[in-house]
Amino acid sequence: MRHIIAVLLENESGALARVVGLFAQRGYNIDSLTVAATEDPTLSRLTLVTRGDDQVIEQITKQLHKLIEVVKLVDLSDNAHIERELMMVKVKASGDQREEVKRCADIFRAQIIDVSPTTYTIQVVGTSDKLEAFIQALCNTQILEVVRTGVSGIARGERSLAL
Amino acid sequence: MSQQNQPELLSGGAMLVRALHDEGVEYVYGYPGGAVLHIYDALFQQNDVKHVLVRHEQAATHMADAYARASGKAGVVLVTSGPGATNAVTGIATAYMDSIPMVVICGQVMSHLIGDDAFQETDMMGISRPIVKHNMSVRNPADIPMMVKKAFYIAQSGRPGPVVLDIPKDMTIPSQKFPYDYPKDIKLRSYNPNAKGHPGQIKKALQTLLAAKKPVLYSGGGVILGRASDELTELARRLNLPVTNTLMGLGAYPASDPQFIGMLGMHGSFEANQVMHNADVIFAVGARFDDRVTNATKKFCPNATIIHIDIDPASISKTINAHIPIVGLVKPVLQEMLSQLDKLDAKDDGKLDQVALANWWNQINQWREVHGGRYQQRAELLMPQAVIEAVHRHTKGDAYVTSDVGQHQMFAAQYYKFDKPNRWINSGGLGTMGFGLPAAMGVKLHYPDAEVVCVTGEGSIQMNIQELSTCKQYGLGVKIINLNNGYLGMVKQWQDMNYDSRYSSSYMDSLPDFVKLAEAYGHVGIRVTTPEELEPALERAFALKDRLVFLDIHIDPKEHVYPMQVPGGAMNEMFLSKTERT
Ligand SMILES: Cc1ncc(C[n+]2csc(CCOP(=O)(O)OP(=O)(O)O)c2C)c(N)n1
Ligand SMILES: [Mg+2]
């Protein structure tokens, strides 16, 4: 099963390496990982997307907890939550294609953020599924480049992961 | 502010040494080099913290480690950058696998050179990351006292482990001084290691034990580390539980007690493995269901309800699912169990099922007859088991026994009946050959009046033989029992059992004359080749109180360690000798 784990981490050098190293050492999957400092500059917030059965996920959360620099963590998938990912796609766009790509972007509420005589660069925000659907929808278009941020997640409602 | 209250100004190097002293450190084990010269100069200029110069950094780590195992306090290592630090890696991993508190101070090249592939630069933060509880690099000399405090706090609290402190050379420059103030304690918002255990879970565990018909107490290294032998022993006696200890837990419950059923696992006793397999309640205390204990996890103890106390939640339900998990330090949890038991007793409540237990003990006593630690006695050849029994007699069972890794280690574990905790000192998790001699040195240095015995093999001893020189320098009168079978015996045993006795590189040709070698290092060497020579040799060795005596004891080269679990089987599937299996 796919799980989204949110982690508050001391914003210290080496702390991120410890998290990533843990996954490599113990053979856990990372589908994606995002990280940046929070409004409190001493803390970083990570969102980790991983896969595994219940026992593996339990070990992952316990092992993460053991890292001295991990302050708090929560498995967002346990409850209602929101996840977002940002993707930028550069596609070949000339002639008839330009109109078709534009229409497709509109349907996905994507934005064209850069234009050249032969290309469009499109930004899409949404769940990972939506991003994948958009790539599918572009199947008649030549994709030059795709860059994705990985998933960020947050709990719905009043629950929050904070000190 | 008066003059006296002004904090003293010290260099980074001097602060480090002073902080160690303020932490109560008496000895540091290490080896100098470029990156730590300022620190060594600071050590030279004071007398509180003494430095022990080993002959190889690995030995420094094992000395510190064994000191920690015997005393419960973190041992301290000091090594230089690059090769000094990498030589310490095996010792750090050894401590990590057995959860031993240790602080390893590694020199590093100057901050501005880090990343330039400077002379003797290695990324020790990166190298050590998977084998430490934590590591830290000093960025500002003024932080040194706080970081030392933090290192000891992390190493010694919760589930203990090694902590590496990486110190670039420019953090210790003698001319740059900073106000010194050693923090009394430290709090980390991200680390709270003092779990006491959930009272509700503890109650549930006690009820389960009281109702059990075939219980067993399976205790591990956590009881030794957590200094909870007394509580464990009292609880076991009051609940009339058979007790088995892991390799790491030997001595936590007295081996001479009638309720002790021996070690469990791969080379555990027949009765311990049978009791585990047939138990209806397994009470696991500070043990981690290691693969050398459980054998095939799918076949593990099919009928048991499992209660598991551990300070590390990640150890609970990792390989074997626990029905009643209790996260907490073993000592307060066992104390809570005892006090709940007192309350039940006062109400004349919570009675044991005496009939069921009597039947269970009957069954256990029958199992005890099956193998009973028997081994073949030979007139012409010394048996390793007999040597360990003789050493036990000569030391009245009261020695600190360190060991290396191999058959000799298992014989020592099986036949030296440990009645006290912290006396059996071996590398259980990593299985590090070369551990035994430096470990014995670390213990002897701190307990000079105690008998310290290193049980080793001719293979293992040669992995850190150079330390005989350190022993001479510091007058460390340890007794080395070299169970010389001329083979990497444990490897040979597996080759006998699984590879039709094809001894691929398990025979050591050209062994040194260990007696002459010991003498060359300034010690006493005694060779024993026949059973008659053993008693007088031990007599002589233990009479030489302050001398290191190297007993090179030639034993039956063909002997195997039994019982031995059948690989891939259940706990109770065992070979009992070369010709018998369950
Ligand atoms: C550093 C290291 N290398 C290799 C091994 C694998 N190993 C385990 S036991 C053993 C043989 C040890 O031989 P010896 O010290 O003579 O002990 P014996 O088994 O003969 O009693 C070996 C090679 C190990 N445990 N540690
Ligand atoms: Mg040998």
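Keep in mind that this is a model prediction, so the values were computed, not measured.

Rules used throughout
Residues numbered from 1 in each chain as written. Chains lettered and ligands numbered in written order. Predicted model: local features only at pLDDT ≥ 70, side-chain atom pairs only at ≥ 80, totals over all residues. Heavy atoms only, no water. Pairing = 2+ DSSP bridges. Helix = DSSP H or I, 4+ residues; strand = E, 2+ residues; numbered from the N terminus. Axes fitted to C-alpha atoms, helices over the stretch in contact; angles between N-to-C directions. Contact = heavy atoms within 4.5 Å. Buried area = accessible area lost by both parts, 1.4 Å probe. Salt bridge = Lys/Arg side-chain N within 4 Å of Asp/Glu carboxyl O. Polar contact = N/O pair within 3.5 Å; in protein donor to acceptor, adjacent residues only side chain to side chain. Nonpolar A, V, L, I, M, F, W, Y, C, P; charged D, E, K, R; others polar. UniProt positions renumbered as here; feature names shortened; annotations may be inferred. 1 Å grid on protein atoms, 1.4 Å probe; cavity = no way out; pocket = protein on both sides within 12 Å on 5 of 7 lines; lining within 4 Å. Points joined across faces, edges and corners; volume = space filled by probe spheres on them. Donors = N, O, S within 2.8 Å, 3.2 Å for Na, K, Ca; no water. Tetrahedral: all angles 85-135°; square planar, octahedral: opposite > 155°, others 65-115°. Buried < 20%, exposed > 50% of the residue type's maximum accessible area, 1.4 Å probe, protein only.

Participant: I'd like a description of the sheet that holds strand 2 (residues 32–37) of chain A, backed by residues and values.
Facilitator: Residues and elements named next belong to chain A. Taken together, the 4 strands give an open sheet; going across it, the order is 2-3-1-4, and neighbouring strands pair in antiparallel fashion. The sheet terminates laterally at strand 2 and strand 4 (70–75), the two strands that pair on one side only. Neighbouring strand axes in the sheet, compared pairwise and without regard to direction, differ in orientation by 15° on average. In this sheet, strand 3 (residues 43–51) lies alongside strand 1 (residues 2–10) in antiparallel orientation, the contact comprising 9 bridges. The residue bridging I4 from the neighbouring strand is V49, located in strand 3. Sheet strands touched by helix 1 (residues 15–25): strand 1, strand 2 and strand 3. Its angle to strand 3, the strand with the most contacts, is close to 10°. Taken strand by strand, helix 2 (residues 54–66) contacts strand 1, strand 3 and strand 4, and its axis lies near 160° from that of strand 4.

Participant: Describe the interface of chain B and chain A, naming the residues involved and giving the relevant values.
Facilitator: Across the contact, 20 residues belong to chain B and 21 residues belong to chain A. Approximately 1,600 Å² of surface area, both sides summed, lies buried where chain B meets chain A, with 45% of it carried by carbon and sulfur atoms. Sorting the residues of chain B by area buried against chain A places R129, R189 and S190 of chain B first, and these three jointly supply 39% of that buried surface. The interface formed by chain B and chain A contains 2 salt bridges. For K66 of chain A, the salt bridge is made with D312 of chain B, and the minimal N-O distance between the two is 2.7 Å. For the pair chain B and chain A, the number of links is 11 residue pairs in polar contact (both at pLDDT 80 or more). Grouping the constituent residues of the side of chain B that touches chain A by class yields 8 nonpolar, 5 polar and 7 charged.

Participant: Tell me about the UniProt feature "domain: Thiamine pyrophosphate enzyme N-terminal TPP-binding" (unreviewed entry) in chain B, and please be specific about residues and values.
Facilitator: Sites flagged by UniProt as "domain: Thiamine pyrophosphate enzyme N-terminal TPP-binding" (unreviewed entry) map to residues 12–125 of chain B. Across residues 12–125 of chain B one finds 44% helix and 18% strand; the C-alpha atoms that close the span lie 20 Å apart.

Participant: Account for the layout of surface pockets, with residues named and values stated.
Facilitator: Here the second largest pocket is characterised by a volume of approximately 1,100 Å³. Lining the second largest pocket are 35 residues; nearest its centre among them are Q63, K66 and L67 of chain A together with D312 and A314 of chain B. Here the lining of the second largest pocket gets 4 residues from one element, more than from any other, and that element is helix 2 of chain A. Looking at the lining of the second largest pocket, its residues break down into 16 nonpolar, 9 polar and 10 charged.

Participant: Outline the coordination of the magnesium ion (ligand 2), supporting the account with residue identities and numerical values.
Facilitator: Residue and element names in this part refer to chain B. Within the protein, the atoms that donate to the magnesium ion (ligand 2) are E458 (OE), E458 (OE), N485 (OD1) and Y487 (O), at distances of 2.1 to 2.5 Å. Classification of the site at the magnesium ion (ligand 2) rests on its 6 donor atoms, whose angles at the metal span 52 to 175°, yielding the label irregular. Each donor residue of the magnesium ion (ligand 2) belongs to the same chain, and together they define the spacing E-x26-N-x1-Y. Placement of E458 in the loop between strand 17 (452–457) and helix 18 (468–474) and of Y487 in the loop between strand 18 (479–484) and helix 19 (489–498) is noted, with a sequence separation of 29 residues between them.

Participant: Lay out empty space enclosed by the protein with the relevant residues and their values.
Facilitator: Residues and elements named next belong to chain B. Counted under the stated rule, the structure contains 1 cavity of 30 Å³ or more. As a volume, the largest cavity reaches approximately 30 Å³. Contributing to the lining of the largest cavity are L16, V17, L20, V28, I39, L43, L78 and I105. Sort the elements by how many residues they give to the lining of the largest cavity and helix 1 (residues 12–22) lands first, with 3 residues.

Participant: So what about the side chain of Q466 of chain B? Which residues, and what values?
Facilitator: All names here are of chain B. Positionally, Q466 belongs in the loop between strand 17 and helix 18. The buried category is assigned to Q466, whose relative accessible area is 19%. Reaching out from Q466, the side chain makes a polar contact with the side chain of N464 at a distance of 2.8 Å. A distance of 3.0 Å separates a polar atom in the side chain of Q466 from a polar atom in the side chain of E467. When neighbours within four sequence positions are excluded, Q466 is seen to be in contact with R55, H56 and Y521.

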